[in-house]
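Breakdown of the fold
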Protein chains: 2
Amino acid sequence: MTKPNSADALPINTILEGDCIDVMNGLPAASVDLIFADPPYNLQLKGDLHRPDNSRVDAVDDDWDQFSSFSAYDQFTRDWLKAARRLLKPDGAIWVIGSYHNIFRVGAALQDAGYWILNDVVWRKSNPMPNFRGKRFTNAHETMIWASKSEGAKYTFNYEALKALNEGIQMRSDWVLPICNGGERLKDEDGEKAHPTQKPQALLHRVLVGSTKPGNIVLDPFFGTGTTGAVAKMLGRDWIGIEREDKYRTVAEKRIAAVRRLDKSSLEVTASKRAEPRVPFGQLVERGMLRPGEELHSMNGRHKAKVRADGTLIGNDIKGSIHQVGAHLEGAPSCNGWTYWCFKRDGKTVPIDVLRQQIRSELD
Amino acid sequence: MTKPNSADALPINTILEGDCIDVMNGLPAASVDLIFADPPYNLQLKGDLHRPDNSRVDAVDDDWDQFSSFSAYDQFTRDWLKAARRLLKPDGAIWVIGSYHNIFRVGAALQDAGYWILNDVVWRKSNPMPNFRGKRFTNAHETMIWASKSEGAKYTFNYEALKALNEGIQMRSDWVLPICNGGERLKDEDGEKAHPTQKPQALLHRVLVGSTKPGNIVLDPFFGTGTTGAVAKMLGRDWIGIEREDKYRTVAEKRIAAVRRLDKSSLEVTASKRAEPRVPFGQLVERGMLRPGEELHSMNGRHKAKVRADGTLIGNDIKGSIHQVGAHLEGAPSCNGWTYWCFKRDGKTVPIDVLRQQIRSELD
DNA sequence: CCCTCTCCTGAATCTAGCA
DNA sequence: ATGCTAGATTCAGGAGAGG
């Protein structure tokens, strides 16, 4: 028999019909890498909400008060977050977007469910709807919460790629992006907007470039018109959508069919140094790039040490790795020996990292 | 008889010593116009953190920020929010500031306690501390929640004053302000920062100008070094502070004593200098103005390169930013990629700088 | 006087891999 | 699981020294 929880069983790159909690509970556990969720925040839920066991949440009716409505919304939130968490791989992560009407309840529920918040990210709208009555601030942003499945999980974060997207400065928690309108805004056959809260593709682009790898599986339980699927497909990620309403699914199918998947070289993003193969310092000695007995000098010129045949260094009163000796001499908690030590060739001072690069380039 | 709840009974313009919940419960109900609260954030820090230069980050590890669990923090939050709500006049309002560690719990508790959220306001820090390990986004903002005592309350909002503060444009829900440092940052006798989380006066200035009237009473239950009191006094509002720690009260007393109450005409407006916003090339890609995989051509027609999903280019033998690749191909020490690269649309060659101008025009 | 350069610091839930 | 070690990682701005 095939494994019942295998990712092979997943309905990849399709839109599933139905209530997201029911549908999620029918999918194999620990099978998706990322969840992006744009849940409803309408508190007048009119009995739409169902628990995982299909019992109806006793939600707001005509004379609802704020407490019963909040508690119904909380129940709904707990239920879908629980179902979503089951689907995530151990190192998976989730993004949830919302406004002040619901995001505080969602955030608290995320924490209570065992997710570990990594950042809250503010989408700062460059062209928000103004406040017409002059009674409040222009509601010019929405909030996204990025969380791993649990504390200590090895979530994906493409730091260098995001830094590249931001012209060499590390990406901040506030993102300035326009709202979705113009040609990107999907219209129905009447020329009306097809969905009231269509998210801009640029938002999903940043989310997916930053927190997934090509080939990852991205689930969106409130798929709407499929922005998540469209961007995922373009970026070479697999996707699964869940959507209750026929009309949204129809629009989304058509939209995603028209998207072209990017070729591999365009998908490659700036890699992190951490991903590069590890080179032991001893290899430089074994290969004769450095001689045992040769002297190394610290980058700041204040210290020196001698190379030993086993790839350790010996300083005045300390023996150990290039890192340990560097840290000791500087009185620092740690030290990257590769960038700390230099050697001399033909009167010139050369960082030893140059030799590591040389070895790495031979590995390609 | 005098009214027992009269504001006359209030210890105006003083700092009260003690636990804020006890002290608030001893004050007359329905007596203050505004509450500004900067409660402990419940940061959950594990080990030390060092900068890349090996210096240690001076973290917020004070006892007052330690809670045993989320539920202990929730209980504390519910208690102080309840005591605070009793003190508010029916048309009073509250501001609470926090970070992703606590703000979701605070926001949910506010709603549960019957407050009515009016806006969430994002303080975007112009000079936040970076993320040193490259594992998350720069935590570049904090969130404030502005709420009235209850739904339908006639809260104060000085729309025109805020619009004036913002150069004639309606004030938005995101405020760009620097963190508190330099001369404004209070030091103790050892020259160390007097309080680890002193808030900038500009933040309180905007809060108080926007949501109080001169002569109003402003309460701060987590007074710290008294930024709320100092700005309130300057702006001609009355204030009450509550602070547990002797050392903070001492600093705050001295600070506020040195503040001069402004005469009515001199409510100075700190005009923000507006530099041309930097637009990362990656935004053109995220926003679909250029497609990953698309070819760019050099202005002189001699070179070409392909756009990648993270906003870098790939040429024959070189990957990097638009500037780096341009410089490399020209054999030049530097290159302005914005004026060097062009793309093709409808058979015409267009400089990419046109797209940057387009984005900038949206930001005005 | 100005300019340059160095040093310091800010509410932080901040590593990965192998033995 | 725990422990150890390699080695990757920062932006804006103010203060102060030196030229």
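Remember, it's a predicted structure, so these values are computed and weren't measured experimentally. (Residues numbered from 1 in each chain as written. Chains lettered and ligands numbered in written order. Predicted model: local features only at pLDDT ≥ 70, side-chain atom pairs only at ≥ 80, totals over all residues. Heavy atoms only, no water.)

When its secondary structure is counted, chain A shows 12 helices and 14 strands. Projected onto the principal axes, the alpha-carbon positions of chain A cover approximately 85 × 60 × 40 Å. For chain A, with 364 residues in total, the buried portion stands at 55%. Summarising the internal contacts of chain A: among those between residues at least 6 apart in sequence, 66% fall at separations of at least 24. By element, 49% of the accessible surface of chain A is carried by carbon and sulfur atoms, the whole surface being about 16,900 Å². (Helix = DSSP H or I, 4+ residues; strand = E, 2+ residues; numbered from the N terminus. Buried < 20%, exposed > 50% of the residue type's maximum accessible area, 1.4 Å probe, protein only. Contact = heavy atoms within 4.5 Å. Areas by Shrake-Rupley, 256 points an atom, 1.4 Å probe, with all protein chains shown as cover.)

The next thing to look at is the interface of chain A and chain B. At the interface, 74 residues of chain A touch 77 residues of chain B. Across the interface of chain A and chain B, roughly 6,700 Å² is buried in total on both sides, 50% from carbon and sulfur atoms. Considering only the side of chain A, the residues that lose the most area to chain B are Phe104(A), Phe137(A) and Glu167(A), jointly responsible for 13% of the buried surface there. Seen at the junction of chain A and chain B, the total is 8 salt bridges. If you look at where chain A meets chain B, you find 42 residue pairs in polar contact (both at pLDDT 80 or more). (Buried area = accessible area lost by both parts, 1.4 Å probe. Salt bridge = Lys/Arg side-chain N within 4 Å of Asp/Glu carboxyl O. Polar contact = N/O pair within 3.5 Å; in protein donor to acceptor, adjacent residues only side chain to side chain.)

This part covers the packing of aromatic side chains. Here a ring pair, both rings aromatic, is described through the centre-centre distance and the interplanar angle of the planes. Scanning all chains against the criterion turns up 33 aromatic pairs over all chains. Considering the side-chain rings of Phe76(A) and Phe222(A), the 6.2 Å spacing of their centres and the 65 degrees angle between planes classify their relative orientation as edge-to-face. Taken as a pair, Phe76(A) in helix 2 (residues 66–87) and Phe222(A) in the loop between strand 7 (217–220) and helix 6 (227–234) lie far apart in primary sequence, 146 residues in all. The class of Phe222(A) is buried, set by a relative accessible area of 16%. Taking the centre distance of 5.8 Å and the plane angle of 50 degrees together, the rings of Trp95(A) and Trp175(A) count as tilted. Here Trp95(A) is found in strand 3 (residues 88–98), whereas its partner Trp175(A) is found in strand 6 (residues 174–177), with 80 residues between them in sequence. On the basis of relative accessibility, which here comes to 1%, the residue Trp95(A) falls in the buried class. The buried category is assigned to Trp175(A), whose relative accessible area is 0%. Each residue in the set Trp95(A), Trp146(A), Tyr155(A), Phe157(A), Tyr159(A), Trp175(A) and Phe137(B) is aromatic and connected to the rest through ring pairs, giving one cluster. (Phe/Tyr/Trp six-rings, centres within 6.5 Å; stacked < 30°, edge-to-face > 60°.)

To continue, consider the protein's contact with DNA strand C. Taken together, the neighbourhood of DNA strand C is formed by 37 residues, with Gln44(B), Arg51(B), Tyr100(B), Met129(B) and Arg133(B) sitting nearest. Near the protein, meaning within 4 Å, the atoms of DNA strand C are sugar or phosphate in a fraction of 45%, with bases accounting for the rest. Trp116(A) is positioned with one of its side-chain polar atoms (N or O) 3.3 Å from a base oxygen of DNA strand C. Arg133(B) places a main-chain nitrogen or oxygen 2.5 Å from a base oxygen of DNA strand C. A class-by-class count of the residues in the surface near DNA strand C yields 19 nonpolar, 7 polar and 11 charged. (Near = heavy atom within 4 Å. Nonpolar A, V, L, I, M, F, W, Y, C, P; charged D, E, K, R; others polar.)

Let us look at the pattern of salt bridges. Scanning the entire structure with this criterion turns up 37 salt bridges over all chains. Note that Lys304(A) is salt-bridged to Glu295(A), the shortest N-O span being 3.9 Å. A relative accessible area of 36% means that Glu295(A) is categorised as partly exposed. The partner of Asp353(B) in a salt bridge is Arg356(B), with the nearest N and O atoms 2.8 Å apart. A residue pair is termed a helical-turn pair when its members lie 3 or 4 positions apart in one helix, as Asp353(B) and Arg356(B) do in helix 11 (residues 353–363) at 3 residues. Judged by its relative accessible area of 18%, Asp353(B) is buried. Beyond isolated ion pairs, a larger network of salt bridges with shared partners links Arg124(A), Arg172(A), Asp174(A), Arg124(B), Arg172(B) and Asp174(B).

Another point: the UniProt feature "domain: RAMA" (unreviewed entry) in chain A. In the numbering used here, UniProt assigns the "domain: RAMA" (unreviewed entry) feature to residues 264–362 of chain A. The distance separating the terminal C-alpha atoms of residues 264–362 of chain A is 23 Å; by composition the span is 33% helix and 21% strand. (UniProt positions renumbered as here; feature names shortened; annotations may be inferred.)

Spacing of three or four residues puts side chains on the same side of an α-helix, whose turn is 3.6 residues. All names here are of chain A. Along helix 10 (residues 322–330), the positions that sit buried rather than exposed are Ile322, Val325, Gly326, Ala327 and Leu329. Of the surrounding elements, those touching the buried residues of helix 10 are helix 9 (281–286), strand 10 (304–307), strand 11 (313–314), strand 12 (319–320), helix 11 (337–340) and strand 13 (341–345). Taken from the residues just after helix 10, glycine 331 is the one with a positive phi, measuring 65 degrees.

What follows covers the domain arrangement of chain A. In many analyses, interface size is given as the accessible surface area lost on bringing the parts together. Taken domain by domain, chain A comprises domain 1 (14–44 + 58–266) and domain 2 (281–362). For domain 1 of chain A versus domain 2 of chain A, the distance between C-alpha centres works out to 48 Å. (Domains from an automatic or database assignment.)

Once that is clear, we can look at the packing of helix 5 (residues 201–211) of chain B against helix 6 (residues 227–234) of chain B. Any two packed helices are characterised by how steeply their axes cross, that is the angle between the axes, and by the distance between the axes. All names here are of chain B. For the pair helix 5 and helix 6, interaxial distance at closest approach is 9 Å and the crossing angle is 55 degrees. The angle between helix 5 and helix 6 falls in the class oblique. The crossing of helix 5 and helix 6 is right-handed. Here Gln201, Leu204, His205 and Leu208 of helix 5 lie close against helix 6, whose contacting residues are Thr227, Thr228, Ala230, Val231, Ala232 and Met234. Here the contact of helix 5 with helix 6 is built from residues that sort into 6 nonpolar, 4 polar and no charged. (Axes fitted to C-alpha atoms, helices over the stretch in contact; angles between N-to-C directions. Parallel < 35°, antiparallel > 145°, perpendicular 65-115°, else oblique. Left-handed = near helix turned anticlockwise from the far one by under 90°.)

In this section: the confidence of the model for chain A. Residue and element names in this part refer to chain A. Taken residue by residue, chain A gives an average pLDDT of 91. The fraction at 70 or more is 90%. Considering only residues more than four positions removed or in separate chains, one finds that residues 1–7, a stretch of pLDDT under 50, has 5 contacts. Per-residue pLDDT stays below 50 along residues 59–65; that stretch engages in 10 contacts with residues further than four places along the chain or on separate chains. (pLDDT = per-residue confidence, 0-100.)

All names here are of chain A. Taken together, 28 residues are adjacent to DNA strand D, and Tyr159, Lys163, His323, Trp338 and Arg356 come closest. Of all DNA strand D atoms lying within 4 Å of any protein atom, the proportion belonging to sugar or phosphate reaches 61%. One nitrogen or oxygen atom from the side chain of tyrosine 159 is found 2.7 Å from a phosphate oxygen belonging to DNA strand D. Side-chain polar atom of histidine 323 to a phosphate oxygen of DNA strand D: 2.5 Å apart, as the coordinates give it. Sort the elements by how many residues they give to the surface near DNA strand D and helix 4 (residues 159–165) lands first, with 3 residues. Its residues assigned to classes, the surface near DNA strand D comprises 9 nonpolar, 12 polar and 7 charged.

Residue and element names in this part refer to chain A. With respect to topology, 6 strands assemble into an open sheet ordered 12-11-10-9-13-14, the strand pairing being antiparallel. What marks the edges here is a single partner per strand, and that holds for strand 12 and strand 14 (348–351). Alignment of strand 9 (residues 295–298) against strand 13, held across 2 bridges, turns out to be antiparallel. When the sheet's bridge partners are listed, serine 298 is paired in strand 13 with tryptophan 341. (Pairing = 2+ DSSP bridges.)

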